[in-house]
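Chain by chain, the residues:
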Amino acid sequence: MAKTASDTKAKRTRGEAAGGKDAAGRKGAAKKAKSTDTRSPNGTGKKTDKAKTAAKAAALVAAEKATRPGLGAAGAAEETPAREEDLAVATVRKVTMEAARTRSEHDLLGDGEVPADALWGIHTKRAVANFPITGVPVGHYPDLVRALALVKQAAARANHRLGYLPEAKARIIDEACTRVATDPTYAESFVVDAIQGGAGTSTNMNANEVIANVGLTLMGRAPGDYAALHPNDDVNMAQSTNDAYPTALRLAVIFATQPLVKALDDLAYAFKSKAVEFADVLKMGRTQLQDAVPMTLGQEFDGFHATIKEDVARLNEIVGLFREVNLGATAIGTGINADPRYAALAVEELSRLAGQPMVLASNLIEATSDLGAFVLFSGTLKRVAVKLSKICNDLRLLSSGPRTGFGEIRLPAVQAGSSIMPGKVNPVIPEVVNQVAYMVIGHDLTVTLCAEGGQLQLNAFEPTIGYCVLSSLRMLSAAIDTLTKRCVEGIEADRERCRALVQGSIGLVTALAPTLGYEASSRIARRALKENRAVADLVLEEGLLTEAQLNELLELEAMTHPTRRQKAGPRAGTVE
């Protein structure tokens, strides 16, 4: 039976794009793809079950499109059903190999086809097929892409200075790295999933291939012409995944921490502004959700400001641990395949390129296997998340109501709160920050387990640590920025409500205790609660204080700042 063009394409797609025979390591997959694979292997000419299933699926899709209103022939042509043989790129988007021009590349498992214009190559393609885990590609983290490019650039400069990399290749790699580090569109070519086996090898290979192919285009050559510029021999010279990837990850954390610190600073400033605005708003403080003693709303918001500024200080301190890197350690820390002078030169170049004072670890074997810095830093992110979530809990409580809750503050109304209850507005911004905090707390546990799970000279779980830490940084930065701009800056105080709650609170008696004494104050508190009367009225009724004395003791300044009033003398119980 004559072979058809569609048979050939289908075979090539399954064998090469979806990781079939090619992924199993059999050579000559491209040649075998020419044979018809929609027939059974016994030569009977009957279609296999898989082919029948595919045919039925295609018929169902066609029938569904035909029944859709507003979808004519043109509409049907625009939609292409997802197929098993399509190459998933980090499960977010797909490259349909059958419809693409391809180039052939080779690795230790055999030959394979990749899109002709793709900046990634066969190693990346296999990783995409092997790790369809989160749907979040490495390119989702621009700080990591930038850091990978800078590590490769530093390595190329060091190798050139040592005489191992020729001037022409060094110049091309340098320019390619600059483009990848500065042009965000290149992040689209970092398509491997962020969580992967192999301790980051797939990410490193992806970076090597992208930089090599960018360099080849700069040379006027086609992607994949590795005889002119090789991903491993040239871009990866004197490196291992085990020193290049951890170094890039540490640098990426330094980069990604800067937006978080700025977001926290902005939030702290917003709270300080509100503290000044609300400095004269008297309200009741509460402990264990029960009335405590008076304070000002400004004092409450100033407390929020102080706790956020503490976190800024801790982050700036802890992130410094990532300046120590193991670049030059190569496989396990012995520096095999690298010139003894290379490590110091590479770190020097990296510092210059990144604008960060990076230093070479004193013990490269220890630095290659130890991830203690990530554990400590992740714990600091958890601290930020916990404190931030507590503040959001407070904002939700203080704004609860508006008629039946605390109702002391009003949060900005940013969207309708209900599809069934007209006029309802929910505290959606604090709520989303709470949820981000819970994610960060969970990520911290994952980082802890991954760091503990390392074995001997390497921790294979570093990609998941990177995913968790970089995700936490990204989510926290976005959540805090949203909290500042769409919530805190627009908070208003309900001054009348705050004062009314103070005047009706039994907690007022605490401000009188230094003057009246504990026993008399307790008696007044019990009467106020039992008789549902104001503390001030009962004090005057019993003649414990004059109205002038009472007003003095209940002044805002007297109640909200530390003071010790002289206890009433022998005649405190009588009014003269």
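Some remarks on helix H11 (residues 297-318)
Taking 1.5 Å of rise per residue, 22 residues should cover 32 Å, and H11 covers 32 Å from first to last C-alpha, within 8% of that figure. Of the residues making up H11, those classed as buried are Leu297, Gly298, Glu300, Phe301, Phe304, His305, Thr307, Ile308, Asp311, Val312, Leu315 and Ile318. Next to the buried residues of H11 lie helix H10 (241-277), strand S5 (282-287), strand S6 (290-296), helix H14 (372-398), strand S9 (409-410) and strand S10 (492-493).

Comments concerning the nonpolar core
In this structure, Phe301, Phe377 and Leu483 are the most contacted members of the largest nonpolar core, which totals 126 residues. Ranked by residue count, the leading element in this core is H10, at 19 residues. The contact partners of Phe301, leaving out residues within four places of it in the chain, are Phe271, Lys274, Ala275, Phe278, Leu395, Ile409 and Ile491. Val502, Ala525, Leu538 and Val539 belong to the second-largest nonpolar core, a separate cluster that totals 20 residues.

Some details on the packing of H10 against H14
Across the interface, H10 lies against H14 with an axial gap of 13 Å and an inter-helix angle of 20°. Here H10 lies roughly parallel to H14, going by the angle between them. The hand of the H10/H14 crossing is left-handed. On H14, the residues that touch Leu249, Arg250, Val253, Thr257, Leu260, Leu264, Leu267 and Phe271 of H10 are Phe374, Phe377, Leu381, Val384, Leu388 and Ile391. Class assignment of the residues belonging to the contact of H10 with H14 gives a composition of twelve nonpolar, one polar and one charged.

Things to note about helix H12 (residues 342-354)
Taking 1.5 Å of rise per residue, 13 residues should cover 18 Å, and H12 covers 18 Å from first to last C-alpha, within 8% of that figure. Those residues of H12 not exposed but buried are Tyr342, Ala343, Leu345, Ala346, Val347, Glu349, Leu350, Ser351 and Ala354. For H12, the secondary structure elements touched by its buried residues are helix H6 (142-161), H10, strand S7 (324-325) and strand S8 (359-360). Backbone geometry just downstream of H12 places Gly355 in the positive-phi region, at approximately 70°.

Description of the environment of Ala263
Following the sequence through the fold, Ala263 ends up in helix H10. Between the C-alpha atom of Ala263 and that of Thr482, which follows or precedes it by 219 residues, the distance is 9.2 Å. Ignoring any residue separated from it by four or fewer positions in sequence, one finds Ala263 in contact with Ser477, Ile480, Asp481 and Thr484.

Some thoughts on the packing of aromatic side chains
Applying the stated criterion across every chain, the model contains seven aromatic pairs. Both rings, one in Phe278 and one in Phe301, keep their centres 5.4 Å apart while their planes meet at 80°; by these two values the pair is edge-to-face. Taken together, the residues Phe278 in the loop between H10 and S5 and Phe301 in helix H11 connect sequence positions 23 residues apart. The same class applies to Phe278 and to Phe301, which are both buried. A centroid spacing of 5.3 Å and a plane angle of 80° characterise the contact between Phe322 and Phe377, whose relative ring orientation is edge-to-face. With Phe322 in the loop between H11 and S7 and Phe377 in helix H14, this pair connects stretches of sequence that are 55 residues apart. Through pairs of rings, three or more aromatic residues link up here, namely Phe271, Phe278, Phe301 and Phe304. Taking NZ or CZ as reference, Arg146 lies 3.8 Å from the ring centre of Phe255, over its face. A cation over an aromatic ring shows up here: Arg286 above the ring of Phe406, its NZ or CZ 4.1 Å from the ring centre.

Quick word on the pattern of salt bridges
Enumeration over the complete set of coordinates arrives at 38 salt bridges. The salt bridge involving Arg157 is made with Asp174; its shortest N-O contact spans 2.5 Å. A residue pair is termed long-range when its members are at least 10 positions apart, and Arg157 in helix H6 and Asp174 in helix H7 (residues 167-182) qualify at 17 residues. A salt bridge links Arg533 to Glu541, with the shortest nitrogen-to-oxygen separation between them at 2.7 Å. Residue classification places Arg533 among the partly exposed residues on the basis of a relative accessible area of 31%. Because the salt bridges share partners, they merge into one network encompassing Arg157, Arg161, Asp174, Glu348, Glu349 and Arg352.

A few points about the side chain of Thr560
By the element assignment, Thr560 lies in helix H22 (residues 556-560). A relative accessible area of 8% means that Thr560 is categorised as buried. Within the structure, Thr560 has its side chain in polar contact with the side chain of His561 (distance 3.2 Å). Setting aside chain neighbours within four positions, we find Thr560 in contact with Leu282, Pro294, Met295, Thr296 and Gln299.

A closer look at the pairing of S5
Inspection of the sheet shows S5 paired to S6 by five bridges, in the antiparallel sense. Its bridge partner being in S6, Lys283 is matched across the sheet by Met295. Hairpin connection of S5 to S6: two residues between the antiparallel strands, including Gln288 at a positive phi of 55°.

Some points on the packing of H6 against H10
Packing of H6 against H10 leaves a shortest axis separation of 8 Å and a crossing angle of 130°. As judged from the angle between their axes, H6 and H10 are oblique. In this structure, the crossing between H6 and H10 has a hand that is right-handed. For the pair formed by H6 and H10, the contact residues are Asp143, Leu144, Arg146, Ala147, Leu148, Leu150, Val151 and Lys152 on the first element and Ala244, Thr247, Ala248, Leu249, Leu251, Ala252, Phe255 and Ala256 on the second. By residue class, the composition of the contact of H6 with H10 is twelve nonpolar, one polar and three charged.

Here's the deal with the confidence of the model for the chain
In the predicted model, the chain carries a mean pLDDT of 85, and the fraction of residues at 70 or more is 80%. Here helix H4 (residues 73-78) is the element of the chain with the lowest mean pLDDT, 39, and H6 is the one with the highest, 98. Confidence drops under a pLDDT of 50 for residues 64-85, and excluding neighbours within four residues, the segment shows 20 contacts in the predicted structure. Note that pLDDT drops below 50 for residues 568-576; the model gives that stretch eleven contacts with residues more than four away or on any other chain.

So, how was this worked out
Residues numbered from 1 in each chain as written. Predicted model: local features only at pLDDT ≥ 70, side-chain atom pairs only at ≥ 80, totals over all residues. Heavy atoms only, no water. Helix = DSSP H or I, 4+ residues; strand = E, 2+ residues; numbered from the N terminus. Expected span 1.5 Å × (residues − 1). Buried < 20%, exposed > 50% of the residue type's maximum accessible area, 1.4 Å probe, protein only. Contact = heavy atoms within 4.5 Å. Core = buried A, V, L, I, M, F, W, Y, C linked by side-chain atoms within 4.5 Å. Axes fitted to C-alpha atoms, helices over the stretch in contact; angles between N-to-C directions. Parallel < 35°, antiparallel > 145°, perpendicular 65-115°, else oblique. Left-handed = near helix turned anticlockwise from the far one by under 90°. Nonpolar A, V, L, I, M, F, W, Y, C, P; charged D, E, K, R; others polar. Phe/Tyr/Trp six-rings, centres within 6.5 Å; stacked < 30°, edge-to-face > 60°. Lys NZ or Arg CZ within 6 Å of the ring centre and 35° of its normal. Salt bridge = Lys/Arg side-chain N within 4 Å of Asp/Glu carboxyl O. Polar contact = N/O pair within 3.5 Å; in protein donor to acceptor, adjacent residues only side chain to side chain. Pairing = 2+ DSSP bridges. pLDDT = per-residue confidence, 0-100.

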